[in-house]
Amino acid sequence: MEELILKFKKHVVTESKRSRFIHHQWYIKYHLEIVEKIALELCDRYKEADKELVLLMVWLHDYGKILDFDNRDEITLIKGREKLEWLGFPKQFLEKAIAYVEMVDKKMEIDLNVAPLEVKIISSADGASHLIGPFFSLFWYENSTKPIEGLMKDNIKKALKDWNKKIVLPEIRKSFKKRHDFLREQNGQFPSKFLD
């Protein structure tokens, strides 16, 4: 299984570097590799998690975004399944990965707090990854023609969606709370008072 996951990872890396993908300059280093690192740390804490499934989901969860940004969720399910089948992943394993990634994509419709552990790990790692490194700065760079107030509003919306819907594991919420608060302040959501 490790070899198959590595083949899919290499494929995702290649596809994500194509200039048709808006995030091609940074997506691997400043998003997917961070998601992978956080997810592996969580697997070390949650020994009962299927680590191979988690690793595959790291590289699968945004696959559609890389291929067709505007139709990302549908493309992940269709093209992701096709690629995993083509690579030779066992049917039951790939179907589980596809179903679990679909749960992550439906975060606004379902409560991820009651999802399978591997879904919680990927969802929480993905949401937390946005609070590390230059993720939100790169959003400003890629949308530099937008008014600053609009960028700030979009950042707050994303940050709140991640915090309220995606980040469900308590370790992540505890470890990333200060980063989340700082991001909100950077984008105009100030505390009621600044001094203790």
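Residues numbered from 1 in each chain as written. Predicted model: local features only at pLDDT ≥ 70, side-chain atom pairs only at ≥ 80, totals over all residues. Heavy atoms only, no water.

Asks: Just to check I follow, could you spell out a positive patch on the surface for this structure?
Replies: Taken together, Arg-72, Lys-153, Lys-157 and Lys-161 make up a surface patch of like positive charges. At 3 residues, the largest contribution of residues to the positive patch is made by helix H9 (residues 148-166). Relative to the helices and strands, Lys-161 resides in helix H9. (Patch = residues over 30% accessible without salt bridge, like charges linked within 9 Å, V, L, I, M, F, W, Y side chains within 5 Å. Areas by Shrake-Rupley, 256 points an atom, 1.4 Å probe, with all protein chains shown as cover. Salt bridge = Lys/Arg side-chain N within 4 Å of Asp/Glu carboxyl O. Lys, Arg positive; Asp, Glu negative; His and termini not counted. Charge placed at Lys NZ, Arg CZ, Asp CG, Glu CD. Helix = DSSP H or I, 4+ residues; strand = E, 2+ residues; numbered from the N terminus.)

Asks: How do you make sense of the packing of aromatic side chains when you look at a structure like this?
Replies: Describing an aromatic ring pair means giving the distance of the ring centres and the angle of the ring planes. In the structure shown here, the tally under the stated rule is 6 aromatic pairs. Ring centres of Phe-8 and Tyr-63 lie 5.3 Å apart, and the angle between their planes is 50 degrees; on these two criteria the pair is classed as tilted. Taken together, the residues Phe-8 in helix H1 (residues 2-16) and Tyr-63 in helix H4 (residues 63-67) connect sequence positions 55 residues apart. Relative to Phe-136, the ring of Phe-135 has its centre 5.5 Å away and its plane inclined at 75 degrees; by these criteria the two rings are edge-to-face. With respect to class, Phe-135 is no different from Phe-136; both count as buried. Grouped by ring-pair contacts, the aromatic residues Phe-21, Trp-26, Tyr-27, Phe-135 and Phe-136 constitute a single cluster. (Phe/Tyr/Trp six-rings, centres within 6.5 Å; stacked < 30°, edge-to-face > 60°. Buried < 20%, exposed > 50% of the residue type's maximum accessible area, 1.4 Å probe, protein only.)

Asks: When you look at the environment of Lys-7 in this model, what are you seeing that I'm missing?
Replies: Within the element layout of this structure, Lys-7 appears in helix H1. Taking C-alpha positions, Lys-7 is 33 Å from Trp-140, a pair spaced 133 residues apart along the chain.

Asks: Can you help me understand the environment of Phe-8 in this one?
Replies: The buried category is assigned to Phe-8, whose relative accessible area is 0%. Expressed as a C-alpha distance, the spacing of Phe-8 and Trp-59, which sit 51 residues apart in the sequence, is 7.5 Å. Setting aside its immediate chain neighbours within four residues, Phe-8 contacts Leu-56, Trp-59, Leu-60, Tyr-63, Lys-83, Leu-84, Leu-87 and Phe-89. (Contact = heavy atoms within 4.5 Å.)

Asks: I tried to follow the nonpolar core on my own but got confused; where do I start?
Replies: Burial of nonpolar side chains together is a common tendency in soluble globular proteins. If you look at the biggest cluster of nonpolar residues, it comprises 58 residues, and the most contacted ones within it are Phe-8, Phe-89 and Ile-121. Ranked by the residues each element gives to this core, the list is headed by helix H2 (residues 27-45), at 9 residues. Beyond its immediate chain neighbours, meaning those up to four positions away, Phe-89 contacts Met-1, Leu-4, Ile-5, Phe-8, Leu-56, Leu-84 and Leu-94. (Core = buried A, V, L, I, M, F, W, Y, C linked by side-chain atoms within 4.5 Å.)

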